[in-house]
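# Geometric and topological summary
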Amino acid sequence: MDLRDFYLLTALIACLRLDSAVAQELIYTIREELPENVPIGNIPKDLNISHINAATGTSASLVYRLVSKAGDAPLVKVSSTTGEIFTTSNRIDREKLCAGASYAEENECFFELEVVILPNDFFRLIKIKIIVKDTNDNAPMFPSPVINISIPENTLINSRFPIPSATDPDTGFNGVQHYELLNGQSVFGLDIVETPEGEKWPQLIVQQNLDREQKDTYVMKIKVEDGGTPQKSSTAILQVTVSDVNDNRPVFKESQVEVHIPENAPVGTSVIQLHATDADIGSNAEIRYIFGAQVAPATKRFFALNNTTGLITVQRSLDREETAIHKVTVLASDGSSTPARATVTINVTDVNDNPPNIDLRYIISPINGTVYLSEKDPVNTKIALITVSDKDTDVNGKVICFIEREVPFHLKAVYDNQYLLETSSLLDYEGTKEFSFKIVASDSGKPSLNQTALVRVKLEDENDNPPIFSQPVIELSVSENNHRGLYLTTISATDEDSGKNADIVYQLGPNASFFDLDRKTGVLTASRVFDREEQERFIFTVTARDNGTPPLQSQAAVIVTVLDENDNSPKFTHNHFQFFVSENLPKYSTVGVITVTDADAGENKAVTLSILNDNENFVLDPFSGVIKSNVSFDREQQSSYTFDVKAVDGGQPPRSSTAKVTINVMDVNDNSPVVIYPPSNTSFKLVPLSAIPGSVVAEVFAVDIDTGMNAELKYTIVSGNNKGLFRIDPVTGNITLEEKPTPSDVGLHRLVVNISDLGYPKSLHTLVLVFLYVNDTAGNASYIYDLIRRTMETPLDRNIGDSSQPYQNEDYLTIMIAIVAGAMVVIVVIFVTVLVRCRHASRFKAAQRSKQGAEWMSPNQENKQNKKKKRKKRKSPKSSLLNFVTIEESKPDDAVHEPINGTISLPAELEEQSIGRFDWGTAPPTTFKPNSPDLAKHYKSASPQSAFHLKPDTPVSVKKHHVIQELPLDNTFVGGCDTLSKRSSTSSDHFSASECSSQGGFKTKGPLHTRQELQWKVTEIPCDNVVH
């Protein structure tokens, strides 16, 4: 490290130390009127300033200098060697120093000054605030030596009358503290009222009745004292005149009024119109407005009061900076001794009428107004201290200070309104030998006002110019695949110095291994072959160094851009793209995006895509690579599509490449389970009483043409198994006995089986009816089918045995009709006739049952035809119920719900669901036929809950009055038509009725009755099984 570098490092450390404490503040408190040479403070002691140079360890001689304006009479002085502060011969008068301050309360009065510590290595700016405390050097005084007060003779005792207050320029306890009435003659007393602002207002109290005819004038003295030490006081003559009676005084509408008026309001501007009223009439009601005695004479000079109208106007130009608030007391008098009083507070609002003030005080002494600096002076060299101020307030008084043009100087803020003028960069004599610039102080008013101060700076020359490049950044371009040694450019720099200091040599910086540079001429050539795809841009530096002592140098950045040639083909991100889409995706939907890249640039990398061998099933965007379907997908018809895609770039000549694309169609759960077995919703199966628990009594089998989990099925009994007699395997659909049947279980059981797939996100469902007839035999199949037909009117969420209207009630109605007719003999004949016919029918049915090989039983059309010949024709429904219904949405793993309050509570997934329809066009041959019974119709008949929403495919043709009766599960169904009365029911389904047309039997219609009323009536013998 040479001597120059050591000097720069030392200066930098000193500046850093300076910046940490460049501005500090001290606060001192003194009393006013102190004599000369009274010590106030010691700057180095109070700030703990060390005189030891931290860099060298040697003692330094500091100089303390008071920064002041030329011609100012300083109130304090600072010792240049010790830093002590003393008073001067100029006495400090607080009342003069803070003449504009209010005396209503203790206000802080202070003045500020600045002290700098030199030399520059130890530079500090010390801001000193000196607070001046008040002394009792002023006596309180009344506004007039004689105070006249007029009091009417009819004034009541203890009435009060204000006395003009005394004023004291001193503040706090040195101000007005006490009033005393002298020679009150026992007629008057004195009271002091203290206002919220701290003012003390004397009031004269009437202590005796007044009589003007006996005495019309009272002369007294009033004394005022302050609280200072020594105490000061003064007196005034108080003359009270007793006036004649005028018993109503004026009253102001508002006793306290505050107004605002701009300081530039012209003379004659109305401030406020005061208005007082008087309840008297005539001359006693004539009101005269006057200023109160406490209004300052200066306020009266600014404002005029019309004695008749009460209008206050501006009579002299206002200046907010001189007085911002005027308090005016206006008295409204009708000639009585007690005028009305109103206080008007006039706030003079600021107008931007004062330009900022610039106070420029130099730290480096100028010569003939010019500051001389060496170009080797370090950055942040202090030149001057600048203080700006503005008499306006708020926005109008907010001042910003800046340098008018771009110069190597800046303003550094040390306080809100003070700046240091410093060098902002290293100075260069060869660039600019002299600087002349303005410092501008501008406020924020509208329009803005500003003030300027001119600064002149001259530089002293040093040999410090490094070489300068003509371009700091050199940009070149070259095509790839070049030859070695290719000429690129010539780099040149200039130096404003002369001789060997201007001899320049060039040198490459790092990251320039692909280039060669001639040290003397600056010729730049390529040393290797460029490949844009490997590196598109080279950025490195070139250094130009002169031969001076010490040598100076500079650098320039070189940016070499390699231009592209079409030497790369497009490249797909995958040789084989595979996309997966859901079936039923709408036409023109996006199914995938082909991604292709090209290492080239510009038009050489602009790739266009096309499909080579697709039969217009897909559309490919040639630029974005988005593939959209031109067909609707159906996995069951086609599960995948394959085609080739070609990519061609825009180079000359163009390059291309190909890739394979496969679209895989994923299955969607769009097919409901299709019931294969049982073949019909009207089929039934016999469950003998001898069947053992665990034996398979029926089976349900369905298929789903979807795949995966969408084709996995689950079987659940959702209704009809309230006694838990049966159980269905959720996987196989086999229905088994849970317990051995008992005689109370004899009868027809209708199981509602829900078949749901495990599809995601939506499970589809199908319902199927399984009828199980619990009995030892099923000889009378027609009777059972008739029962099945009747149950079709029972809602699916109810058990067919829950109705309170047994079929026997129709027999009861018939018996009642027979009793009313009085034909007991006819009843006996009918009973014999029915018995004979039933026995004949039993033989015929036994012959028919021997011909049936299938375990599931269906209606026998031939048997029906034989019956038509033997008995009256009975119409059957032309169409049966739909074999199943589909629930569009459900959860497959819900359990069977137990009945609540006599109804079946279905699983939540079956509630509020819409039921789909089965497409008979695509159903397997074994699926139920379209003319199967409609399950939806019964559900809608009398269901108390809206658990299912079924869509019937084929309506049921039903006879008049023919509905399905809900039967209790313990109904045996083994007797004839009126043997149904052996079981009672509690159902109150108002839709239920009964119709019975058995062989030779009778038909009964009418109201339903209880089982006990029918027990003594004739009982019909069952057609195929006699029970005694």
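These lines cover the structure that appears in this document, whether it is placed above or below. (Residues numbered from 1 in each chain as written. Predicted model: local features only at pLDDT ≥ 70, side-chain atom pairs only at ≥ 80, totals over all residues. Heavy atoms only, no water.)

### Digging into the overall build of the protein
Along the protein, the regular secondary structure elements total 10 helices and 62 strands. Across the 1028 residues that make up the protein, the buried fraction comes to 46%. Surface accessibility of the protein: about 51,300 Å² in total, with carbon and sulfur atoms responsible for 51%. (Helix = DSSP H or I, 4+ residues; strand = E, 2+ residues; numbered from the N terminus. Buried < 20%, exposed > 50% of the residue type's maximum accessible area, 1.4 Å probe, protein only. Areas by Shrake-Rupley, 256 points an atom, 1.4 Å probe, with all protein chains shown as cover.)

### Structural notes on the sheet that holds strand 56 (residues 734–737)
Overall, antiparallel pairing links the three strands, which are arranged 52-56-55 in an open sheet. Strands with a single pairing partner mark the edges of an open sheet, and in this sheet they are strand 52 (696–699) and strand 55 (726–728). Going across the sheet, the axis of each strand differs from the next one's by a mean of 25°, ignoring polarity. In terms of strand pairing, strand 55 meets strand 56 through three bridges, oriented antiparallel. Pairing of arginine 727 across the sheet is with threonine 736, part of strand 56. (Pairing = 2+ DSSP bridges. Axes fitted to C-alpha atoms, helices over the stretch in contact; angles between N-to-C directions.)

### Observations regarding the nonpolar core
In this structure, Phe252, Val271, Ile312, Val330 and Val344 are the most contacted members of the largest nonpolar core, which totals 27 residues. Among the secondary structure elements, those contributing two or more residues to this core are strand 16 (256–262), strand 17 (270–273), strand 19 (288–291), strand 20 (303–305), strand 21 (311–314), strand 22 (325–333) and strand 23 (340–349). With five residues, the top contributor of residues to this core is strand 23. (Core = buried A, V, L, I, M, F, W, Y, C linked by side-chain atoms within 4.5 Å.)

### Considerations on the side chain of threonine 88
Among the secondary structure elements, threonine 88 is positioned in the loop between strand 5 (84–87) and helix 3 (94–97). Threonine 88 sits in the buried class, given a relative accessible area of 9%. For threonine 88, the residues in contact, after removing those within four places along its chain, are Glu36, Pro74, Leu75, Val76 and Lys77. (Contact = heavy atoms within 4.5 Å.)

### What to know about the state of the cysteines
All chains considered together, the criterion is met by one disulfide. Note on cysteine connectivity: cysteine 98 is disulfide-linked to cysteine 109, with sulfurs 1.7 Å apart. The sign of the S-S torsion, about 85°, decides the handedness of the disulfide formed by cysteine 98 and cysteine 109: right-handed. In this pair, cysteine 98 is assigned in the loop between helix 3 and strand 6 (109–118) and cysteine 109 in strand 6, connecting sequence segments 11 residues apart. (Disulfide = S-S within 2.5 Å.)

### So, the environment of aspartate 495
Within the fold, aspartate 495 resides in the loop between strand 35 (493–494) and strand 36 (504–508). Along the sequence, aspartate 495 and arginine 545 sit 50 residues apart, while their C-alpha atoms lie 9.6 Å from each other. With sequence-adjacent residues up to four places away left out, aspartate 495 is seen in contact with Asn465, Pro466, Pro467, Asn501, Ala502, Ile504 and Asp546.

### Looking at the packing of aromatic side chains
Enumeration according to the criterion identifies 18 aromatic pairs in this entry. Ring geometry for phenylalanine 142 versus tyrosine 179: centroids 6.0 Å apart, planes at 55°, classification tilted. Taken together, the residues phenylalanine 142 in the loop between strand 7 (124–133) and strand 8 (146–152) and tyrosine 179 in strand 10 (residues 176–182) connect sequence positions 37 residues apart. Judged on exposure class, the residue phenylalanine 142 and its partner tyrosine 179 are both buried. Between phenylalanine 633 and tyrosine 641 the ring centres are 5.7 Å apart and the planes differ by 65°, which places this aromatic pair in the edge-to-face class. Here phenylalanine 633 and tyrosine 641 have matching classes, each one buried. Between the NZ or CZ atom of lysine 129 and the centre of the ring of phenylalanine 110, over which it lies, the distance is 4.4 Å. (Phe/Tyr/Trp six-rings, centres within 6.5 Å; stacked < 30°, edge-to-face > 60°. Lys NZ or Arg CZ within 6 Å of the ring centre and 35° of its normal.)

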